Amino acid sequence: MTFRDLVTVSLGNLWRMKLRSFLTISGVVIAIAAFVSMLSFGAGNQKFITEQYTRLGLFTTMQVSERRASDGDTTEPAVLDNETLVLLSEIPGVNLAFPLDAFEVTVAFNDTVVTREAQGLPAVALSTGMFSQLEAGTAISSDSARQVMVDRDFLRGLGIDSVESAIGRTMRVSVSQARVDSGLAYLAQGVGDRVREEFSRLDFDSLFDDERYGRRLVYTGINEALKRFTTGFLQHRALIEDTLEICGVYHVGHGGMRRGRDLIIPTHSAIRFSTGGFTGDITDFYAALSSGSLFPEEGEISYKTYPQITLDLDPTVPFGPIKDSVEALGYRAFSFAEEFEEIQQAFIYFNMALAMVGLIALVTASLGIVNTMLMSIIERRREIGVLKSLGADESSIRWLFLAESGVIGALGSASGILFGWTIARIASAIAQAVMESKGLDPVDIFALPLWLVAIAFSFGLAVSLIAGYYPAARAARVDPMEALRAE
Amino acid sequence: MTSDITLRTIDICRFYRRGPQTVKAVDGVDIEVKKGEFAAIVGSSGSGKSTLLALLAGLDTPTSGVLEVDGISLQSLSRKELAAYRANRVGVVFQSFNLIPHYTALRNVEMGLYFNQTPYRERRRIAGDMLDRLGLGDRIDHRPADLSGGEQQRVALARALAKQPDILFADEPTGNLDEENSAQVASLFDELSGRGLTIVLVTHDMALARKHAHRLVRLSYGRVVTETGEVQS
Ligand SMILES: Nc1ncnc2c1ncn2[C@@H]1O[C@H](COP(=O)(O)OP(=O)(O)OP(=O)(O)O)[C@@H](O)[C@H]1O
Ligand SMILES: [Mg+2]
């Protein structure tokens, strides 16, 4: 018997028992559909995350931060400063090192005034993969350009839905900064009154007799002075302002994968905004005090530390050695590529869990196949006897019945894949509608890669053949004389 | 010496054990059928004719004794080789036809060619021709249930002959045929025998056996009672 004979005979038999075949095949269809729709969800998510990573250039990005002080580590953790930037950019395989330099700004656009977080970025950094995907417009042209790039969602928040229309419009960006001089001025202004008042209350005897009295006096004085300085520092702020033209609109990933800043401004403006004074946080002032950069020269890049430095990597260089070099400098390196490997690992378990559901259904369906085939053999005992009398050997009979369960498996799997994909499409449409109603970007989280089709089909076929094996072996052992005698 | 002997049995037995009882369906039979010979097995009902035929056709295995085809013992063959013997050399017409009820006449005849590597197109043509020759050319699309007993018998015969076997085993192939059709089948047998086909025919019809067979084997209670060679002169 040829393969063609096997298939035509099997199809004929299944066609003859339409209802029974339909029910048996349906079992496989449902199982494979469950398998496919479940795994297409896993595959869709995986595809989406991979695309996001690629789109954002995260495979070629490494984040460098201060090493967390750990037990037994006596050395001071190395800080991230401009010197670090130079050191890091000299590591082979590092295309570019740029700092995370974020600060709050006040944005005035049309009649709206809002406070948002801005980040200064050198123009070169904007040409890396991480920032290469623009929704509209172009990247900031140079470090001294009076341009700004804004996030799409930020624009939406301002009531601008068409990103294109925003290009070329200007916005006023400002920071109000506490400055050391304003603090000192306020201190000096208050000191005269203070001294006179204190002087009138002085108890000279105690001053000379009691050491503690003197000390208390000094402490109170210093405390008072600091209080005055801080008040001045915080309340008498200078306003630094820039009018910038919107040159590009970007959009940073969904799902909080990478927290994006609302604005990206050129380095030059960023330096003006962030180094001319201090933010509202008094600790910054003390940090500058201890590092000796209390009074930077105007316009000069002062001593500055960053919470994080981003490295843009040459994709042809393996990240392992780069990471080692960064760590050798005393920093902590975090690479998204590594994180991605963990995500991939997690997806394997996720997919396995999903596949289990489909496989359990498939096992149930296979019991249906066993049942159908055993019934078929009982009904066709005489036919088996005839076939044997005509010269069919055991393997022919076995193949004949295996082919039948194979056809059940093949038809069931093929229809199951189509059905499962239909379910996935419907689920995807619903999910996207929900996302849209929640104001999120609709994302297709279902995918049907070729490997999934291949695996689903092979699984369906393999399980059906395994299910058909025992009945087929039983059919092959039928004694022709007994079978022919049976009425 | 044995080269012109196609079939030979030596003290062949087939017993059926049913609890304490033993049915000796075939009980020590020695027969020889030469190549191209037309042998007829006759005997009363229950004398073991069908059982002996099944043994000779390689469908059943003897309880004891030797069964040789062209000098080779069938018992020495593997199951696969035995299947090949049935597929390539033997055509069987059963007493109860044993047609597959859900297949058409044509398909039933085709089935006879499934296991001897006949290509698909050939199969169709040969099966159609064979049914034509047996006068069923216009019934090829009918299922057995739509055919009369005689027509079914002829389909069964067509199925056995389609593969052009070396030996034809026929169990009452004329049992359901009227005289005219019986005579037709008998003359077909004569023709085939004349072309070198070895035929073993089981029949009740003594007249037919006497008229056409070269050799007559009479069975009674599983034993050969008379064996006459070259009946036809
Ligand atoms: N499977 C079996 N189990 C028990 N006894 C059997 C079996 N098959 C056949 N027999 C017995 O063996 C004997 C011979 O049977 P067989 O069918 O060979 O007879 P037959 O000569 O072909 O008869 P008929 O002319 O009626 O067809 C019968 O008595 C029958 O009852
Ligand atoms: Mg009989």
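Below, the structure is looked at part by part. Treat the numbers as computed from the prediction; the structure is a model and nothing was measured.

Basis of the calculations
Residues numbered from 1 in each chain as written. Chains lettered and ligands numbered in written order. Predicted model: local features only at pLDDT ≥ 70, side-chain atom pairs only at ≥ 80, totals over all residues. Heavy atoms only, no water. Donors = N, O, S within 2.8 Å, 3.2 Å for Na, K, Ca; no water. Helix = DSSP H or I, 4+ residues; strand = E, 2+ residues; numbered from the N terminus. Buried < 20%, exposed > 50% of the residue type's maximum accessible area, 1.4 Å probe, protein only. Phe/Tyr/Trp six-rings, centres within 6.5 Å; stacked < 30°, edge-to-face > 60°. Contact = heavy atoms within 4.5 Å. Salt bridge = Lys/Arg side-chain N within 4 Å of Asp/Glu carboxyl O. Polar contact = N/O pair within 3.5 Å; in protein donor to acceptor, adjacent residues only side chain to side chain.

What about the coordination of the magnesium ion (ligand 2)?
Residue and element names in this part refer to chain B. The protein atoms that coordinate the magnesium ion (ligand 2) are S50 (OG) and Q95 (OE1), at distances of 1.9 to 2.3 Å. Of this pair, S50 sits in helix 1 (residues 49-56) while Q95 sits in the loop between strand 6 (90-93) and helix 3 (105-111), and the two are 45 residues apart along the sequence. Given a relative accessible area of 30%, S50 falls into the partly exposed group. Given the relative accessible area of 41%, Q95 is considered partly exposed.

Concerning the packing of aromatic side chains
Residue and element names in this part refer to chain A. Evaluated as defined, the whole model comprises 6 aromatic pairs over all chains. Arranged with centres 5.5 Å apart and planes meeting at 85°, the rings of F35 and F459 form a pair that is edge-to-face. Separated by 424 residues along the polypeptide, F35 in helix 2 (residues 18-55) and F459 in helix 16 (residues 450-476) bring together distant segments of the chain. Ring centres 5.4 Å apart and planes at 50° place the aromatic pair F41 and F446 in the tilted group.

Some remarks on unusual backbone geometry
Residues and elements named next belong to chain B. Of note, D11 is a non-glycine position whose phi angle comes to about 50°, a positive value. With respect to the helices, strands and loops of the structure, D11 is situated in strand 1 (residues 5-18). D11 sits in the partly exposed class, given a relative accessible area of 43%. We note that D70 has phi near 50°; this positive angle belongs to a residue other than glycine. For D70, the location among the structural elements is in the loop between strand 4 (64-69) and strand 5 (72-73).

Points about the interface of chain B and chain A
The partner chain A presents 23 residues to the 24 residues of chain B that form the contact. The tally of links from chain B across to chain A stands at 3 salt bridges. B:K80 is paired through a salt bridge with A:D393; the nearest N and O atoms lie 2.6 Å apart. At the junction of chain B and chain A, the tally comes to 8 residue pairs in polar contact (both at pLDDT 80 or more). Looking at the side of chain B that touches chain A, the elements with two or more residues in it are helix 2 (79-88), helix 3 and helix 4 (120-133) of chain B. Here the side of chain B that touches chain A takes 5 residues from helix 2 of chain B, the largest share from any one element.

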